[in-house]
Amino acid sequence: MARAFLVVIDSVGIGGAPDADTFFNGALPDTGANTLGHIIDACAAGQAEDRRSGPLQVPHMMALGLGAAVTLASGQAVDTPEPAGTWGAATEVSRGKDTPSGHWELAGLPVPWEWHYFPDETPAFPDNVVAAVCKAAGTSGILGNCHASGTTVIADLGAAHLRTGWPICYTSADSVFQIAAHEEHFGLERLLRLCADVAPLLHQMKVGRVIARPFVGDAGYFRRTGNRKDFAILPPAPMLTNHVQDAGRAVYAVGKIGDIFSMQGIDEVRKGDDHTLMRHLGDLVREAQDGSLTFANLVEFDSLYGHRRDVSGYARHLEWFDAELGKLLPQLREGDMLVVTADHGNDPTWTGTDHTRERVPVIVAGIGAGKLGQIAFTDVAALVLRHLGITV
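Right, let's walk through the structure included here.

How each quantity is defined
Residues numbered from 1 in each chain as written. Predicted model: local features only at pLDDT ≥ 70, side-chain atom pairs only at ≥ 80, totals over all residues. Heavy atoms only, no water. Axes fitted to C-alpha atoms, helices over the stretch in contact; angles between N-to-C directions. Helix = DSSP H or I, 4+ residues; strand = E, 2+ residues; numbered from the N terminus. Parallel < 35°, antiparallel > 145°, perpendicular 65-115°, else oblique. Contact = heavy atoms within 4.5 Å. Nonpolar A, V, L, I, M, F, W, Y, C, P; charged D, E, K, R; others polar. Phe/Tyr/Trp six-rings, centres within 6.5 Å; stacked < 30°, edge-to-face > 60°. Buried < 20%, exposed > 50% of the residue type's maximum accessible area, 1.4 Å probe, protein only. Left-handed = near helix turned anticlockwise from the far one by under 90°.

## Notes on the packing of helix α1 (residues 35–44) against helix α12 (residues 311–328)
- Look at α1 against α12: their axes get within 10 Å of each other, and the N-to-C directions meet at 100°. In terms of axis orientation, α1 runs roughly perpendicular to α12. Where α1 approaches α12, its residues T35, L36, I39, A42 and C43 are matched on the opposing element by V311, Y314, A315 and L318.
- For the contact of α1 with α12, the class distribution of residues is eight nonpolar, one polar and no charged.

Shown next as structure tokens:
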């Protein structure tokens, strides 16, 4: 029986979104943003520092049609072989350029509301949210209360957090409320309970996620751990994972997929950093049940390189992923389908630190060569369901 592997390489956009002019990084619209296209250009021009010189080396994805997808999406010419896979470019309709919007829509459910975003000012949060956090945490105040980079905010406020015991609360251009706390001094379980307690209030406001951001270490040497947990708003209707599970098939989540979907339609979750997640994905290629869906998210493209506007780091991570993908492809069984796509853009050459509104690639191994053309995000879910023989 056929199996499907859907892999989202977080933030690897390919430009060309028709509504990019209505999305902004600061005062600059996202018109012209092209995460992959601009990385390709930077590598070719020798501008990706701390990396060996020469073109971006992602031969396995290029062979499946990645370069052709860039050209289709944005018009940027990319030197690429004739695709041996099935390929296309997908366009989003949800009004957010964020993780839940992209993943939900890829799973067949466009977001039916406008997300709530906190203003880029200090304080950023309304009094009732601050009061709710203080009550749940048992503290007389919070730290932060602003837009901030997660690594910067713990460097700046970690010592004060250890001294006062107050949680560090911050947000970004996404619809998120993030709480950072020290795993040992504040307590990991206490942090997770705090996030769970305040999540219903934030979800009522249509804030997409409350994110626990635990860290360890001492002043000057703080570092975030892998125990992050997202408390996402519950999807309002069934989607790809539910449909596969309702058909009696197994659904494996790799990475933060379980959190993004609030465990709806998920049988098993495997977590870790991207290197660990690729090992999990390899294990599932070898072991997953017949007829199953494996839905994976690799996030470090976005969190470590896109938001930090690190072109060379992003390029290196793309090359690492492509090499790992090259190891997986020969292990696919007859009847398997593997889809690589993305949820939004995060152009490291762009201004600011926010995501960028872009089309995303859809490249497919295991079903032969062919052109999908310009498709919708929701068509990815339809492609998977059709392959698995599931009718909704």
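Once the structure has been displayed, the description carries forward.
## So, the packing of aromatic side chains
- All chains considered together, the criterion is met by 10 aromatic pairs.
- Geometrically, the ring pair formed by W113 and W115 is edge-to-face, given 5.7 Å between the ring centres and 85° between the ring planes.
- Overall, the relative accessible area of 6% leaves W115 in the buried class.
- With a centroid separation of 5.5 Å and an interplanar angle of 45°, the aromatic rings of F261 and F295 are classed as tilted. Highlighted residues: F261 in the loop between α9 (257–260) and β12 (268–270) and F295 in strand β13 (residues 293–298), separated in sequence by 34 residues.
- By relative accessible area, which is 0% here, F261 ends up buried.
- Aromatic ring contacts, followed pair by pair, group W104, W113 and W115 into a single cluster.

## So, the packing of helix α5 (residues 127–137) against helix α7 (residues 183–204)
- Two elements in contact, α5 and α7, have axes whose closest approach is 9 Å; the angle formed by their N-to-C orientations is 145°. Classified by chirality, the crossing of α7 by α5 is right-handed. Along the contact surface, α5 presents N128, V129, A132, V133, A136 and A137, while α7 presents F186, R190, L194, D197, V198, L201 and L202.
- For the contact of α5 with α7, a count of residues per class yields 10 nonpolar, one polar and two charged.

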